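# Observations on the model geometry
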Amino acid sequence: MYDSHNVFAKILRGEIPCSTVYEDSYALAFYDISPAAPTHIILIPKGAYSDAADFSARASETEIIGFSRAIAHITHTQSITDFRLISNCGPRAGQTVAHYHVHILAGKDMGPLLAQ
Ligand code: AMP
């Protein structure tokens, strides 16, 4: 199910560079290459999970807690107060990279949840 050829798997293996914001045993965060907001950070688990549903179903409690705690570390150290978390799950939801990731978006008024 998980395809290790995706770009975030390549970043985790060190095959392509990223602009790291935060890293620990469970998670890696880096700046999005095509930012949709003044602050646009991608947070990924280090484990091989294809999307939010896969991570929720198969990740260990330790991985889930570690990943969730990374959000607090990142927003605190980056002094991000108001932010939006987005995780696209599946192509119809807009997922283009098949390694679970959360977008952390901040630095502007976000407006409504979905574009009309
Ligand atoms: P999604 O469309 O929800 O799967 O999000 C994928 C995100 O990955 C997009 O916002 C892309 O701009 C971003 N992205 C793709 N390649 C890279 C890369 N090499 N480094 C950082 N961000 C990337």
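Overview of the structure. Just so it is clear, the model here is predicted, and its values are computed rather than measured.

Cut-off values and rules
- Residues numbered from 1 in each chain as written.
- Predicted model: local features only at pLDDT ≥ 70, side-chain atom pairs only at ≥ 80, totals over all residues.
- Heavy atoms only, no water.
- Helix = DSSP H or I, 4+ residues; strand = E, 2+ residues; numbered from the N terminus.
- Rg over C-alpha atoms; globule rule 2.2 N^0.38 Å.
- Buried < 20%, exposed > 50% of the residue type's maximum accessible area, 1.4 Å probe, protein only.
- Contact = heavy atoms within 4.5 Å.
- Areas by Shrake-Rupley, 256 points an atom, 1.4 Å probe, with all protein chains shown as cover.
- Polar contact = N/O pair within 3.5 Å; in protein donor to acceptor, adjacent residues only side chain to side chain.
- Phe/Tyr/Trp six-rings, centres within 6.5 Å; stacked < 30°, edge-to-face > 60°.

Glancing now at the overall build of the protein. What the protein contains, in helices and strands, is three helices and five strands. Traced from its N-terminal end to its C-terminal end, the protein shows the element sequence α-β-β-β-α-α-β-β. The C-alpha atoms of the protein give a radius of gyration of 14 Å, which matches the 13 Å a tight globule of 116 residues would have. Principal-axis analysis of the C-alpha atoms places the extent of the protein at approximately 35 × 35 × 30 Å. Counting the 116 residues in the protein, one finds 38% classified as buried. Long-range contacts, defined as pairs at least 24 residues apart, comprise 52% of the intrachain contacts of the protein with a sequence gap of at least 6. Accessible surface, the protein as shown: approximately 7000 Å² in total, 54% of it carbon and sulfur.

Turning to its location among the elements, N6 is positioned in the segment before α1 (7-12). At a separation of 3.2 Å, a polar atom in the side chain of N6 contacts the side chain of Y2. Polar side-chain contacts of N6 include one of 2.8 Å to the backbone nitrogen of A9. When sequence neighbours within four positions are dropped, the list of residues in contact with N6 reads V97, A98 and H99.

Attention now moves to the packing of aromatic side chains. Applying the stated criterion across every chain, the model contains five aromatic pairs. Geometrically, the ring pair formed by F55 and F67 is tilted, given 5.2 Å between the ring centres and 55° between the ring planes. Here F55, found in helix α2 (residues 52-58), pairs with F67, found in helix α3 (residues 61-77); they are 12 residues apart in sequence, far enough to count as distant. Each member of the pair, F55 as well as F67, carries the same accessibility label: buried. Look at F67 and Y100: their rings are 5.2 Å apart centre to centre, the planes differ by 40°, and that puts the pair in the tilted class. Of this pair, F67 sits in helix α3 while Y100 sits in the loop between β4 (83-86) and β5 (102-106), placing them 33 residues apart in sequence.

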